[in-house]
Amino acid sequence: MKLYCLSGHPTLPCNVLKFKCTTIMLDCGLDMTSALHFLPLPLVHSPRLSKLPGWVSKDGAINLEKELKECAGRVFVDSLPEFCLPEKELLDLSTIDVILISNYHCMMALPYITEHTGFTGTVYATEPTLQIGRLLMEELVNFMERVPKAQSATCWKNKEIQRLLPGPLKEVVDVWAWKRCYSIQEVNSALSKVQLVGYSQKVELFGAVLVTPLSSGYSLGSSNWIIQSHYEKVAYVSGSSLLTTHPQPMDQSSLKNSDVLILTGLTQIPTANPDGMLGEFCSNLAMTIRAGGNVLVPCYSSGVIYDLLECLYQFIDSANLGTTPFYFISPVANSSLEFSQIFAEWLCQNKQSKVYLPEPPFPHAELIQTNKLKHYPSIHGDFSNEFRQPCVVFTGHPSLRFGDVVHFMELWGKSSLNTIIFTEPDFSYLDALAPYQPLAMKCVYCPIDTRLNFHQVSKLLKEVQPLHVVCPEQYTQPPVSQAHRSDLMLELQPPPMPYRRCAVLGLPFRRRYERIQLLPELAKSLVPSEIKPGVSVATVSAVLHSKDNKHVLQPAPKPVVVPPSKKRKRVVEEPPELLAPKPLLSGVVPLEPFLATLTKHGITEVKVEDTADGHILHLQAEDTLIQLEEDGTHIVCDNNEPLRIVLRDLVLRFLQKL
Amino acid sequence: MPEIKITPLGAGQDVGRSCILVSIGGKNIMLDCGMHMGYSDDRRFPDFSYITQNGRLTEFLDCVIISHFHLDHCGALPYMSEMVGYDGPIYMTHPTKAICPILLEDFRKITVDKKGETNFFTSQMIKDCMKKVVPLNLHQTVQVDDELEIKAYYAGHVLGAAMVQIKVGSESVVYTGDYNMTPDRHLGAAWIDKCRPDILISESTYATTIRDSKRCRERDFLKKVHETVERGGKVLIPVFALGRAQELCILLETFWERMNLKAPIYFSTGLTEKANHYYKLFITWTNQKIRKTFVQRNMFEFKHIKAFDRSYADNPGPMVVFATPGMLHAGQSLQIFKKWAGNEKNMLIMPGYCVQGTIGHKVLNGQKKLEMEGRTTLEVKLQVEYMSFSAHADAKGIMQLIRMAEPRNVLLVHGEGKKMEFLKDKIEQEFSLNCFMPANGETATVTTNPSVPVDISLNLLKREAALGGPLPDPKKPRTMHGTLIMKDNSLRLVSPEQALKELDLTEHQLRFTCRVQLQDPHGDTDTLSRVYTHLKSILKGYTIQHLPDSTVMVESIVIKVSSSSEDPNAKVLLLSWSYQDEDLGSFLSTLLRKGLPHGLC
């Protein structure tokens, strides 16, 4: 059993597990941090960005002024942003049988894998994961396609050139794995390969392996996976949360007793408490609005935004923000808000029970109804007419490189009255802001990452007791910036097996058994004999049928009786079937009882001779020798087949058959 | 032999008060707990005294499963759990859990508040009963206890309707509840995988019907409604608040829009709006088309259909009214019917099944004079149309489901006895399956024949697979040999050698040696060659070797030749074999005793 690690990003994993005869890809994360090295894509012409100077090396030898631009002391690539794909060379991706998706953030690389590698398998995901994942992909494609940029920069990727560039471009690795965004056709084709599953549904793969998604508590429809056979169990833990937010709570008990637990998707901000951050978010928002400024919240279109809106729903009136307009701008804003209301089965208890009333589970329905929250597909169209300030705008993309957020950065960046509040933990906020510097607007960093922290995970592992843990290498040492914090790493016994991009791990497994079914007729025909107290054995001679990786033992067919043909004169000479060797024997033939048995069968003239290892019995009348030893019996008998058979059966009475 | 026992307490050769007891692998499960619309005495509820004469049911039942929210499937639930007494888990899907208490409360109100019955369950009992409900998701495997697991499948029929698979070890039962094999305007079609249950318990409401295409029926329905409205008549469509009503509303709504019709459409109960809200929130349970477009246009927001007020019934001019309940046995639909029955311009469209004893059933059977309460008679002059829109599988659909699930036995419930018999014959003929149709209180028993799961050592399995060649050949079955070790409830199949080792036993070698005398005027080496050739010609498919040390080996049997000192032509063949080759050894010694044939060279 092997694990191929195709992504080095601990929260956007992509691993391939070879288990029994199946090849299973676990998640398909797309590392978008690469986009931070690119210039933002403005929605309307930005004189500032278009006037940036091109980059030329100091000695003037390398001129990349078309590809690279200098901005606020850093160098950015001037082209459509590119994302870092999972490794495609480590193994033949066309051999992948299934892809298991754990949550909608971890499937963004799906079109690259399913459309360009010869993949012919099935993708498994829950319905919310599929629907919201589709929205996020559509949004991404929309962001890219509405600001077409013909130029594609590749010269800078040349190793010789990259080496001479200023940091941080100089240090980035795997630049050749960076690719442009996919098209909507590719998204549709990729998602048509998804097969929906529900929590605790047992999905059988090729009769050999059972996979089951379990609630992971992180986002709508998010799941951890159990991959098991009758004897081996692998738990795949991806983004999971023990906090009470909107999704169904995490199912921990089903993770118990796994042989290997693959642990990914821990919190990226282990030092921040999500509840505290939420409080800070609200107070900063209120402060800015009261001072007459605008608030910009760069965020994804699904996920934490539901919790932010719910928090604001409770906060608005007490903070006297009843008249402040809240805008949610995204090509999928409406869909995201609508979809969130129809997945009651996937929500936490108290949201679920709202549906029974029947009321929408999320309070943002009421915010929309009362016109406090308005959503628009983009800044163009209705929004530009209805837009009032000061206001709060939720919009993407959190990298600040594309999407409507770029426009608001240009619009509001110059005033210190305005505030940008970062809530998404996926991008370093300083890097995100770099191409907008110098910036007058206030910056508040309140990352909300509800995924497990190190304290929670070590408690969880104690609870579920896996034999071995596999995790990204980042989790086996404290973060670089906080090298002294030994509490910010996994300390386990036995130590976790770390992986990095392109690693291939042999997982510590020894398969010994397989499940087989004895047909009832066969089971009935078995004759068990007790060998030791509580231990019985029976010899089984049966026909093995294997189909779809399922094995069945059937009774051996009765020998076909050939009707004696008239032509053939000699019928005796049919050799025995090759099929039936006899069982192994065990035990000892004791002398006295054996002699007694012989006497009972009319064999009385027995001369016993002692030897070094046992006895030789001479049956004088029959001229036959029987040599009895500790570990063997030898019958020498000529010309008297009936006698030999009698003796054989008498010996067998004393022995156990295996 | 393990057995599965199935006893209907209701719905045995009947429609109404569905309640079926299943006993499988030592577990007892109650499937549905419904009431009968045709009775208002004791017979309206299943006879729970069958389970126990006195006391509570909790210790006799492992779980209760409700297939959908129709009262003939859940109407007796609060009575059973709160008045008879049951505290175990009750499973139903989320939509059923949401809607079921509303219908129960409605039912209670009609019975207690309107009819003035006492000794009936209360609102509080409905609430307490619903607290015992555990929601089920589609395809989720729910472990009721260590051995019993259940799984729900989509059944169409109404919002949240489910079929359930009940499994204990390798034995299983599938109960369909009510289902529909053709998608309609708001729901999808029932689906189940090839789960091969020991027995499939299927409804059989339309056991003898094969319905024409849905489109024809819809066109017919719209035509009739349109004609009546055109000539100024009123159309009454008795429905249940949830289910068919929504489908017909969608149908009329789109028709009105397309034809630009002005006649008002009303929906009679206050429940409608709420009902439509449930459909919006449980949109994932509707059909593909509605799910796909719900963000742009929610099909359950109607423009043309308005709430009905009692006074509207006397308004002049055409109108279409959807009124509850669906079988004209009480409530608003009955009141409106009474008002409109006398006018031949009006029309009554019955879109669903009516159980015996209801006015709906009488009218459908062509009765023109009805005896009403208070000894009055009502003359029925209005036109009566029956259009089966109720979403049950027809005979074709039932056969289709049997083909899908591949059960070993079939049991029919929820249908009329005579019709069932027809379908039973058909199933037995077409699938050669046993088909049962027990009456209420009768038990059907099927014996199952579960195979025994065993752990086989991978070494043995791989060795066997390797011997069988790269691909298994079904025509040449190979016998494999192993030793089954039974210890502490575990069954392990290993190779005999491994068994010896594991059990710490030493092998006992049993050998036989046999001297065969024969006359053969040749040298010893020649004789051996002749033996070799002889055996070679007889033993096809065996490994026979002529070794340089003057032995012939047949498999592991050793044959040597020596001649007696007195007579060089009298040869002695020495055969030696171990017990494992006993059959072959015995055969060889007998064969060689007959001497060598002459023609050998």
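On a predicted model such as this, the values are computed, not experimentally measured, just so you know.

Some thoughts on the overall build of chain A
Check the secondary structure of chain A and you find 17 helices and 35 strands. The C-alpha radius of gyration of chain A comes to 36 Å, more than 25% above the 26 Å expected for a compact globule of 658 residues. Across its three principal directions, the C-alpha atoms of chain A cover 120 × 70 × 60 Å. Looking at the 658 residues of chain A, the share that counts as buried comes to 55%. Intrachain contacts of chain A at a sequence separation of at least 6 include 70% that bridge at least 24 residues. For chain A, the exposed surface amounts to about 27900 Å²; the carbon and sulfur share of it is 52%. Averaging the coordinates of the 59 positive side-chain charges in chain A and doing the same for the 66 negative ones gives two points 3 Å apart.

Some details on empty space enclosed by the protein
Residue and element names in this part refer to chain A. Applying the stated criterion to the full structure yields 2 cavities of 30 Å³ or more. Empty space within the largest cavity amounts to approximately 210 Å³. His105, Tyr218, Val304, Glu424 and Arg451 are the residues nearest the centre of the largest cavity, which is lined by 21 residues in total. Across the lining of the largest cavity, the residue classes break down as 7 nonpolar, 9 polar and 5 charged. The computed volume of the second largest cavity comes to approximately 170 Å³. Lining the second largest cavity are 16 residues, with Met32, His105, Tyr300, His397 and Asp426 sitting closest to its centre. Among the residues making up the lining of the second largest cavity, the classes are represented as 8 nonpolar, 5 polar and 3 charged.

Here's the deal with the interface of chain A and chain B
Taken together, the contact pairs 92 residues of chain A with 87 residues of chain B. Between chain A and chain B, roughly 7900 Å² of surface is buried when both sides are summed, and carbon and sulfur atoms account for 59% of that area. When the area that chain A buries against chain B is broken down by residue, the three leading residues are Glu345, Tyr356 and Leu584 of chain A, summing to 9%. Linking chain A to chain B there are 6 salt bridges. Applying the counting criterion to the chain A and chain B interface returns 34 residue pairs in polar contact (both at pLDDT 80 or more). For the side of chain A that touches chain B, the element with the most residues is strand β28 (residues 535-547) of chain A, which contributes 11 residues.

Quick look at the UniProt feature "domain: Beta-Casp" (unreviewed entry) in chain A
Taking the numbering used here, the UniProt-annotated feature "domain: Beta-Casp" (unreviewed entry) corresponds to residues 305-433 of chain A. Structurally, residues 305-433 of chain A comprises 39% helix and 12% strand, and the distance from its first C-alpha atom to its last is 21 Å.

Thoughts on the sheet that holds strand β34 (residues 632-636) of chain A
Spatial strand order, β31(A)-β32(A)-β33(A)-β34(A)-β26(B)-β30(B)-β29(B)-β28(B)-β27(B): 9 strands in an open sheet with mixed pairing. One side of each edge strand has no neighbouring strand; the edge strands of this open sheet are β31 (606-610) of chain A together with β27 (544-547) of chain B. Sheet twist, expressed as the average angle between the axes of neighbouring strands with direction ignored, equals 20°. Relative to strand β32 (residues 614-619) of chain A, β31 of chain A is paired through 5 bridges, and the arrangement is antiparallel. Of the residues in β32 of chain A, the one forming a bridge with Asp610 of chain A is His615 of chain A.

Brief notes about the confidence of the model for chain A
For chain A, per-residue confidence averages 91 on the pLDDT scale, and 96% of positions sit at 70 or higher. A low-confidence stretch, residues 567-572 of chain A (pLDDT under 50), is modelled with 3 contacts involving residues beyond four sequence positions or located in other chains.

A short note on unusual backbone geometry
Each neighbour pair has its own omega, and for Gln389 of chain A with Pro390 of chain A the value is -5°, a cis peptide bond. Residue Asn260 of chain B is not a glycine yet carries a positive backbone phi of 55°. By the element assignment, Asn260 of chain B lies in the loop between α6 (244-259) and β13 (265-267).

Points about the pattern of salt bridges
Two side chains bearing opposite charge may form a pair once their charged atoms approach each other closely. All names here are of chain B. In total, this model carries 49 salt bridges over all chains according to the counting rule given. With a shortest N-O distance of 3.0 Å, Arg196 and Glu406 are connected by a salt bridge. Taken together, the residues span a long stretch of sequence, with Arg196 in the loop between β10 (171-175) and β11 (199-203) and Glu406 in the loop between α11 (395-405) and β20 (409-413) at a distance of 210 residues. On the basis of relative accessible area, Arg196 is assigned to the partly exposed category, the value being 43%. Residue class for Glu406 comes out partly exposed when judged on its relative accessible area of 32%. Note that Asp198 is salt-bridged to Arg408, the shortest N-O span being 3.0 Å.

Considering the nonpolar core
Ranked by size, the top nonpolar core spans 279 residues in total, and within it Phe394 of chain A together with Phe48, Phe221 and Phe337 of chain B carry the most contacts. By size, the runner-up hydrophobic cluster in this structure holds 46 residues, among which are Ile603 and Val651 of chain A together with Ile538 and Val561 of chain B.

Regarding the sheet that holds strand β15 (residues 233-237) of chain A
Residues and elements named next belong to chain A. The mixed open sheet is built from 7 strands, whose spatial order is β12-β13-β14-β15-β16-β23-β24. What marks the edges here is a single partner per strand, and that holds for β12 (203-205) and β24 (497-499). The sheet shows a mean angle of 20° between the axes of neighbouring strands, taken without regard to direction. Bridge count for strand β13 (residues 209-215) against strand β14 (residues 223-228) is 6 bridges, and the pairing is antiparallel.

Some thoughts on helix α7 (residues 304-315) of chain A
Counted at 1.5 Å a residue, the expected span for α7 of chain A with its 12 residues is 16 Å, and the 16 Å between its end C-alpha atoms agrees. Three or more residues of α7 of chain A are buried, namely Val304, Ile305, Tyr306, Asp307, Leu308, Leu309, Cys311 and Leu312 of chain A.

Digging into α11 of chain B
Among the residues of α11 of chain B, those classed as buried are Ala395, Gly397, Ile398, Met399, Leu401, Ile402 and Ala405 of chain B. On its buried face, α11 of chain B sits against β9 (162-168), β11, β20 and α12 (417-431) of chain B.

Re the packing of aromatic side chains
Centre distance and the angle of the planes are the two values used to describe a pair of aromatic rings. Summed over the entire model, instances satisfying the criterion amount to 39 aromatic pairs over all chains. Measuring from ring centre to ring centre gives 4.8 Å for Tyr266 of chain B and Tyr312 of chain B, while their planes differ by 45°; the resulting arrangement is tilted. Of the two residues, Tyr266 of chain B is situated in strand β13 and Tyr312 of chain B in the loop between β14 (305-307) and β15 (319-323); the sequence distance between them amounts to 46 residues. Judged by relative accessible area, Tyr312 of chain B falls into the partly exposed class, the value being 27%. Among the aromatic side chains, those forming a connected cluster through ring pairs are Tyr327, Tyr376, Phe383, Phe387, Phe408 and Trp412 of chain A. For the cation-ring pair, Lys157 of chain A lies above Trp176 of chain A, with the distance from its terminal atom to the ring centre recorded as 5.6 Å. Lying over the aromatic face of Phe45 of chain B, Arg44 of chain B brings its terminal NZ or CZ to 5.4 Å of the ring centre.

Quick word on the environment of Ser57 of chain A
All names here are of chain A. Tracing the backbone shows Ser57 in the loop between β4 (54-56) and β5 (63-71). For Ser57, a relative accessible area of 10% corresponds to the buried category. Sequence separation between Ser57 and Pro166 is 109 residues, and the spatial gap between their C-alpha atoms is 9.1 Å. A polar contact of 2.7 Å, which involves the side chain of Ser57, links it to the side chain of Asp59.

Focus: the pairing of strand β2 (residues 19-24) of chain B
All names here are of chain B. Burial runs high along β2: 5 of the 6 residues are buried. Bridge count for β2 against strand β3 (residues 27-31) is 5 bridges, and the pairing is antiparallel. The residue bridging Leu21 from the neighbouring strand is Met30, located in β3.

Things to note about the environment of Ser67 of chain B
All names here are of chain B. By secondary structure assignment, the location of Ser67 is in the loop between β4 (63-65) and α1 (71-74). Between the C-alpha atom of Ser67 and that of Asp567, which follows or precedes it by 500 residues, the distance is 92 Å. Of the polar contacts made by the side chain of Ser67, one reaches the side chain of His68; its length is 3.0 Å.

Looking at the packing of helix α3 (residues 127-145) of chain A against helix α5 (residues 184-191) of chain A
All names here are of chain A. In the contact formed by α3 and α5, the axes pass within 10 Å of each other and the chain directions differ by 165°. In terms of their interaxial angle, α3 and α5 are classed as roughly antiparallel. α3 and α5 meet at a crossing whose hand is right-handed. Across the interface between the two elements, Leu130, Arg134, Met137, Glu138, Val141 and Glu145 of α3 pack against Ile184, Val187, Asn188 and Leu191 of α5.

Comments concerning the side chain of Thr527 of chain B
All names here are of chain B. Secondary-structure assignment places Thr527 in helix α15 (residues 524-538). Taking relative accessible area as the criterion, Thr527 reaches 0% and is therefore assigned buried. Here Thr527 is in contact with Asp520, His522, Val561, Lys571 and Leu596, once residues within four sequence places are set aside.

Calculation notes
- Residues numbered from 1 in each chain as written.
- Chains lettered and ligands numbered in written order.
- Predicted model: local features only at pLDDT ≥ 70, side-chain atom pairs only at ≥ 80, totals over all residues.
- Heavy atoms only, no water.
- Helix = DSSP H or I, 4+ residues; strand = E, 2+ residues; numbered from the N terminus.
- Rg over C-alpha atoms; globule rule 2.2 N^0.38 Å.
- Buried < 20%, exposed > 50% of the residue type's maximum accessible area, 1.4 Å probe, protein only.
- Contact = heavy atoms within 4.5 Å.
- Areas by Shrake-Rupley, 256 points an atom, 1.4 Å probe, with all protein chains shown as cover.
- Lys, Arg positive; Asp, Glu negative; His and termini not counted.
- Charge placed at Lys NZ, Arg CZ, Asp CG, Glu CD.
- 1 Å grid on protein atoms, 1.4 Å probe; cavity = no way out; pocket = protein on both sides within 12 Å on 5 of 7 lines; lining within 4 Å.
- Points joined across faces, edges and corners; volume = space filled by probe spheres on them.
- Nonpolar A, V, L, I, M, F, W, Y, C, P; charged D, E, K, R; others polar.
- Buried area = accessible area lost by both parts, 1.4 Å probe.
- Salt bridge = Lys/Arg side-chain N within 4 Å of Asp/Glu carboxyl O.
- Polar contact = N/O pair within 3.5 Å; in protein donor to acceptor, adjacent residues only side chain to side chain.
- UniProt positions renumbered as here; feature names shortened; annotations may be inferred.
- Pairing = 2+ DSSP bridges.
- Axes fitted to C-alpha atoms, helices over the stretch in contact; angles between N-to-C directions.
- pLDDT = per-residue confidence, 0-100.
- Core = buried A, V, L, I, M, F, W, Y, C linked by side-chain atoms within 4.5 Å.
- Expected span 1.5 Å × (residues − 1).
- Phe/Tyr/Trp six-rings, centres within 6.5 Å; stacked < 30°, edge-to-face > 60°.
- Lys NZ or Arg CZ within 6 Å of the ring centre and 35° of its normal.
- Parallel < 35°, antiparallel > 145°, perpendicular 65-115°, else oblique.
- Left-handed = near helix turned anticlockwise from the far one by under 90°.

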